[in-house]
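Chains, contacts and geometry: an overview
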Amino acid sequence: MRVALYAVKDKERWHLWVSLDIQVDNVWWSGAGGEGWNGQSADKRVLLSADLPLGWAVKLRDNVKPVKGMQEWTEEHWAGYLANLLQAEINEEREAGGEWKNSTQVHPTASFKERTERFALSAQADRLVEALSGRSLLQSEVEALLEEKDPELANAWQAAAQLAHLQGRLKLEAACSRAEESKRKLRRWSSGVGKRGKKTDSLQKAAGEARRERGSKEVGGDKWSESKGRDVRARLPSAGGLLRAAALRLPRLRLPLRGAVARRADMRCLRCGSVATGRTACAACGLTGCAYCEACLALGRSRACALLLRSAALPAVRCTAGVSPTVAARRWGLSSAQAGAAGAALGFLAEPRQRSAAQGPERFLLWAVTGAGKTEITFPLLEAVLRAGGRVLIATPRRDVVLELAPRLGRAFPDRTLSVLYGGSPDRWGQSQMVLATTHQLLRFHQSFDLVIIDELDAFPYVNDPMLAFAAEHACKPDGRFIYLSATPPKELQRQARNGRLPHARVPVRFHGHPLPVPQHLTMAPVQQCLKRRTLPGKLKKALGSSFAREAQIFVFVSRISHIAGLLSLLRRSFPGKTIEGTSSQDPERTEKVAGFRNRAISLLVTTTILERGVTVPRSDVFILDADSGLFDEASLVQMAGRAGRSKDAPDGSVIFLSPQWTRSQRGAISQIRTMNAIARRQGLISKERWI
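Residues numbered from 1 in each chain as written. Predicted model: local features only at pLDDT ≥ 70, side-chain atom pairs only at ≥ 80, totals over all residues. Heavy atoms only, no water.

Overview of the packing of aromatic side chains
In this description, an aromatic ring pair is defined by two values, namely the gap between the centres and the angle between the planes. This model, assessed by the stated rule, comprises 14 aromatic pairs. Between Trp 28 and Trp 37, the aromatic rings sit 6.4 Å apart at their centres with planes inclined by 45°, giving tilted as the arrangement. Across the pair, Trp 37 and Trp 28 agree in class, each one buried. With a centroid separation of 5.6 Å and an interplanar angle of 5°, the aromatic rings of Phe 555 and Phe 557 are classed as stacked. The buried category is assigned to Phe 557, whose relative accessible area is 0%. One aromatic cluster in this structure is built from Trp 14, Trp 73, Trp 78 and Tyr 81. Here the guanidinium or amino end of Arg 331 rests over the ring plane of Trp 332, the centre of that ring lying 4.1 Å away. In this structure, Arg 506 packs its charged tip against the face of Trp 367, placed 4.0 Å from the ring centre. (Phe/Tyr/Trp six-rings, centres within 6.5 Å; stacked < 30°, edge-to-face > 60°. Buried < 20%, exposed > 50% of the residue type's maximum accessible area, 1.4 Å probe, protein only. Lys NZ or Arg CZ within 6 Å of the ring centre and 35° of its normal.)

Observations regarding the pattern of salt bridges
Any two side chains of opposite charge can pair if their charged atoms end up close together. Going through the model one piece at a time under the given rule, you end up with 24 salt bridges. Linking Glu 89 and Lys 59 is a salt bridge whose minimum nitrogen-to-oxygen distance equals 2.8 Å. Of this pair, Glu 89 sits in helix H4 (residues 87-95) while Lys 59 sits in helix H2 (residues 54-63); the two residues are 30 residues apart in sequence, bridging distant segments of the chain. The burial state of Glu 89 is the same as that of Lys 59; both residues are buried. Between Arg 169 and Asp 126 there is a salt bridge, and its shortest N-O distance comes to 2.7 Å. You can see Arg 169 sitting in the loop between helix H8 (157-166) and strand E5 (170-174) and its partner Asp 126 sitting in helix H5 (residues 115-131), a full 43 residues away along the chain. (Salt bridge = Lys/Arg side-chain N within 4 Å of Asp/Glu carboxyl O. Helix = DSSP H or I, 4+ residues; strand = E, 2+ residues; numbered from the N terminus.)

Below, the structure written as structure tokens:
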């Protein structure tokens, strides 16, 4: 995309503006007034380019700083100053084999004098802002949203977007851009411009050469002025030719950047925070080396010239004083441990301590064992924020968990609107008070939510993915609140909680008051050897037989998808009267098989870590084959073990680790489970007759 760029002097300060529709800006700065329109005219305006690549225009807009004598600048001054800021981009374009050609053609400006037209555009801007509230969308996504929600705006949204931008309600950004230039570079340039007409030698040389190249041609006017006798839609000048000539004569000196400075200088995707590593010729902006992001390609191409529209954030709501644990327990049917954790989190929402994050939203960790009822603990928190008029987001790493949580949230809050978002979900563009989404869907939100709850933050794909952490933080309002839910939080968060740097609550017992099943270990040959021998070890068949005898639902976890088919064949041959199935992330029938397993149509399910979290099946036993695999870390083993004993009607499920050898991860998982049981016992949360 190419856009117009102009400078405005307003109240003794200069500002640069990007324009999608210059005629809207004409009327805005004329001071025509009316509902939704500016009632004061600008002191002075200068059109810097009528047709500039969006990424370059945004960089200039965001990096121009006040310089002494700027109000007296001619176009030569502006040309040298802006060319200095664009030096890196112009050099990159040259190296990519392209040549920057800045068009100086002025777009025709239609009349918006009629008050009825201004009123209609203002109403369209209101509708667009409402549709994009809390969103961060590329142009193609905006058009898809409007096509579904407001077809009348779908083909005429740019004028409305420009008006909303001038009003401060929408942000126009380049989807990929660099961080702000260093102040040292700004000081180096501005130190050579002081009194009127005084320039550094390098600037004078560049501007002089540009003048000689242009000969005696007049620059298209000195000002875009609002002085007496000049109409706002008069001939608009451009410094494009002079800017290009001055820029092409800048020295190609490049100093090596190192460390954090080098990382800040990288072109980054504003949507996901990743470095934009791709370069390609682009018809939209005319550049030979237009940068694009490869990390979030699945959501549409984020390019340096792609328009990214973001709504301006509203202040986060403030919750009232926290509800007492007794009230929370009575209102939501919580156990004493659950109610205590909910009360602590409500206190955090009501009285932020402003110490849990160096920057960004305040954070709180809810550290609860598997099966503790973390979802139910969040209900009082959701209710408090919704009652205060806020929006809430519950983000979880996997689609399976989203589909399981959706009906529970719907039943808990039947009078609130709920959007359920995952890859391929039909409800992409709904505006709801509650949003339940997989973490990748957060890339389409920006400063939208008062409360963000990240479920299973240590799980794939959220764990170790900076892109998703970036998306989650930017989905929350700057003064909003984060709640982390996990049974196995990362070590760093555990340290912060122990050291008092992270507010937290720990729930060491399940909602039904029974202890966590402690895993047992059986020595068994690797699965690959069993498949080669085409037989199962006797120890495994005996343990499975015991589980079948007590009519348990049996999870069999394996480390590799390739093992599932062969293992199914051996299991079906060993237990011919049982319904045995397998599933994985590659199985298109996974949802149906999990449902069949839950309603007991399937007795044994061979699966991978795709089902290690968020799945509750009553009367379950868990078998983890190749438990010494490097693919199973301590957290994964704890989570898989947590599938057993979750039901209050059958809390005594068994967990068996099967492997040729013990590993640190297996010992750590068992130690963690025993520690939580011990804490629960000391706090009186497990009765003596239940203790094992």
